[in-house]
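Inside the fold
One-letter residues, chain by chain:
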Amino acid sequence: MVSGPAPSDKKENHMATPKLAKYRDIIPAKAVIGRAVVNRNYEDLGKVEDLVLDAAAGRIAYAVLSFGGFLGMGDKFFAVPWNAFQFYLPEGPIVLGVDRELLEKAPGFDKNNWPNLSDSNWGASIYKHYGLTPYWDAPADPK
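From a predicted model like this one, the values you see are computed outputs, not experimental measurements. (Residues numbered from 1 in each chain as written. Predicted model: local features only at pLDDT ≥ 70, side-chain atom pairs only at ≥ 80, totals over all residues. Heavy atoms only, no water.)

Along the polypeptide, Phe77 turns up in strand E4 (residues 76–81). Owing to a relative accessible area of 7%, Phe77 belongs among the buried residues under this scheme. It is 6.4 Å that separates the C-alpha atoms of Phe77 and Phe67, two residues lying 10 residues apart in sequence. Sequence-distant contacts of Phe77, that is, excluding residues within four places in its chain, are made with Glu49, Val64, Leu65, Ser66, Gly108, Phe109, Lys111 and Trp114. (Helix = DSSP H or I, 4+ residues; strand = E, 2+ residues; numbered from the N terminus. Buried < 20%, exposed > 50% of the residue type's maximum accessible area, 1.4 Å probe, protein only. Contact = heavy atoms within 4.5 Å.)

Spelled out as structure tokens, the structure:
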């Protein structure tokens, strides 16, 4: 699951541990694209290659991660639901609250052969893989 506390400041794998700050609600796309992604154990999960917008709904549907290659060669792309991410300081990594194995087993695609991202059946399978309800099936947020 993707919910839970932010990573602690403890070093468990001898990587430099980023300082975490208050969650930020407004983040420019240019601050996200190209940014490193880690899980709560600070394992490298790749980087954000692109953002997929649902223009009709007025929201970000997915972040596209590259993961699995070596020095950019052989990377596989993964569409990950936007609400699966947590953001902290602008210079810190993006946190994806999943185990590395879950990402490795996720449906992926080649960077030159993207799936039909507007297919709601495909999208529902992606959300289900990450244990999330698709935003188009979720109840409206009363404000």
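Let's pick the thread back up.
Turning to the packing of aromatic side chains, a few remarks are in order. Throughout the structure, instances matching the rule amount to 10 aromatic pairs. Aromatic side chains Tyr62 and Trp122 sit 5.6 Å apart centroid to centroid with 65° between the ring planes, which places their arrangement in the edge-to-face category. Note that Tyr62 is positioned in strand E3 (residues 59–67) and Trp122 in helix H2 (residues 120–129), a separation of 60 residues in sequence. Comparing Tyr62 with Trp122 shows no difference in burial state: the two are buried. For the pair Phe77 and Trp114, a centre-to-centre distance of 6.1 Å together with 75° between the ring planes defines the contact as edge-to-face. Of the two residues, Phe77 sits in strand E4 while Trp114 sits in the loop between helix H1 (100–104) and H2, which places them 37 residues apart along the sequence. Among the aromatic residues, those joined into a ring-pair cluster are Tyr62, Trp122, Tyr127, Tyr135 and Trp136. (Phe/Tyr/Trp six-rings, centres within 6.5 Å; stacked < 30°, edge-to-face > 60°.)

Applying the stated criterion across every chain yields a total of 2 salt bridges. One salt bridge connects Glu49 with Lys47, and the closest N-O pair in it is separated by 3.9 Å. Given a relative accessible area of 27%, Glu49 falls into the partly exposed group. We note a salt bridge from Glu104 to Arg100, for which the minimum N-O separation is 3.4 Å. You can see Glu104 and its partner Arg100 sitting in helix H1, 4 residues apart, about one turn around the helix. According to the relative accessible area criterion, Arg100 is partly exposed, its value standing at 27%. (Salt bridge = Lys/Arg side-chain N within 4 Å of Asp/Glu carboxyl O.)

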